[in-house]
Amino acid sequence: MEYTHVATPERCYADFCLIPVGTGSTSVAEEVAAVQRLLKASGLTYTMHSAGTTVEGSWDNVMKVIGQAHSVVHSKGVVRVQSSMRVGTRTDKKQTAKDKVKRVEDILAKGTTGEDTSL
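These remarks concern the structure in this document.

It is at 9 Å that the axes of helix α1 (residues 29–42) and helix α2 (residues 59–75) come closest, and there the two elements cross at 140 degrees. Between α1 and α2, the angle falls in the class oblique. Here α1 runs over α2; the crossing is right-handed. In contact with Glu 31, Ala 34, Val 35, Leu 38, Leu 39 and Ser 42 of α1, α2 contributes Val 65, Gln 68, Ala 69, Val 72 and Val 73. Of the residues belonging to the contact of α1 with α2, the class tally is eight nonpolar, two polar and one charged.

With that settled, the discussion passes to the nonpolar core. Core analysis: the biggest nonpolar cluster contains 16 residues, and Phe 16, Leu 18, Val 35, Val 55, Val 65 and Ile 66 have the highest contact counts within it. Those elements that place two or more of their residues in this core are β1 (11–21), α1 and α2. Looking at which element gives the most residues to this core, the answer is α2, with five residues. Apart from the residues within four sequence positions on either side, Val 35 is in contact with Phe 16, Leu 18, Ala 69, Val 72 and Val 73.

A few words now on α2. Given 3.6 residues to a turn, an α-helix orients residues that are three or four positions apart in the same direction. With 17 residues, α2 should cover 24 Å at 1.5 Å per step; its first-to-last C-alpha distance of 24 Å lies within 8% of that length. Within the span of α2, buried status applies to Val 62, Val 65, Ile 66, Ala 69, His 70 and Val 73. Along α2, the residues classed as buried sweep out an arc of 150 degrees about the axis, all on the same side. Seen from the buried face of α2, the exposed residues on the opposite side, beyond 90 degrees, are Asp 60, Lys 64 and Ser 75.

Time to look at the sheet that holds strand β4 (residues 80–88). With respect to topology, four strands assemble into an open sheet ordered β2-β3-β1-β4, the strand pairing being antiparallel. This sheet does not close on itself; its edge strands, each paired only once, are β2 (45–49) and β4. Ignoring which end each strand starts from, the neighbouring axes of this sheet average 25 degrees apart. Sheet strands touched by α1: β1, β2 and β3 (52–58). Its angle to β2, the strand with the most contacts, is close to 160 degrees.

Here is the key point about a regular strand: its side chains alternate between the two faces of the sheet. A large share of β3 lies buried, amounting to six of its seven residues. Here six bridges tie β1 to β3, and the two strands are oriented antiparallel to one another. If you follow Ala 14 over to β3, its bridge partner there is Val 55. In this structure, the hairpin formed by β2 and β3 is closed by a connection of two residues.

Our next topic: the pattern of salt bridges. The final tally for this structure, using the stated rule, is three salt bridges. As a salt-bridge pair, Arg 86 and Asp 15 come within 3.5 Å of each other at their nearest N and O atoms. Of the two residues, Arg 86 sits in strand β4 while Asp 15 sits in strand β1, which places them 71 residues apart along the sequence. The class for Asp 15 is buried, based on a relative accessible area of 16%. In this structure, the salt-bridge partner of Asp 106 is Lys 102, at a minimum N-O distance of 3.0 Å. Of this pair, Asp 106 and Lys 102 both sit in helix α3 (residues 97–109), separated by four residues, roughly a single helical turn. What makes Lys 102 partly exposed here is its relative accessible area of 46%.

Each value, and the rule that gives it
Residues numbered from 1 in each chain as written. Predicted model: local features only at pLDDT ≥ 70, side-chain atom pairs only at ≥ 80, totals over all residues. Heavy atoms only, no water. Axes fitted to C-alpha atoms, helices over the stretch in contact; angles between N-to-C directions. Helix = DSSP H or I, 4+ residues; strand = E, 2+ residues; numbered from the N terminus. Parallel < 35°, antiparallel > 145°, perpendicular 65-115°, else oblique. Left-handed = near helix turned anticlockwise from the far one by under 90°. Contact = heavy atoms within 4.5 Å. Nonpolar A, V, L, I, M, F, W, Y, C, P; charged D, E, K, R; others polar. Core = buried A, V, L, I, M, F, W, Y, C linked by side-chain atoms within 4.5 Å. Buried < 20%, exposed > 50% of the residue type's maximum accessible area, 1.4 Å probe, protein only. Expected span 1.5 Å × (residues − 1). Arc of directions from axis to C-beta. Pairing = 2+ DSSP bridges. Salt bridge = Lys/Arg side-chain N within 4 Å of Asp/Glu carboxyl O.

Pasting the structure below:
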């Protein structure tokens, strides 16, 4: 196999959290807001949650916007940014993050599954 020609996956989702280091503040709200503005402008599907953001799209576009998020935070004067990230891909079907959540919610809506719930 010629590894220099391996393609990236067509689509992915990435759950990421940028951590500004050495800012002297415990709040990161301004940095988060700046990243959310970038994500909105990107046109990608994204969902902010209390510990980060999930973004979906082509592999190349998702990785690009996460890199741009680093640059946006750096542009606010933060000299060091760390990222925590989980990335998922599928080749058997198209499934969005919203689809994944809905699948679990549908199971929960059906009620008990016969498992012991006495714990």
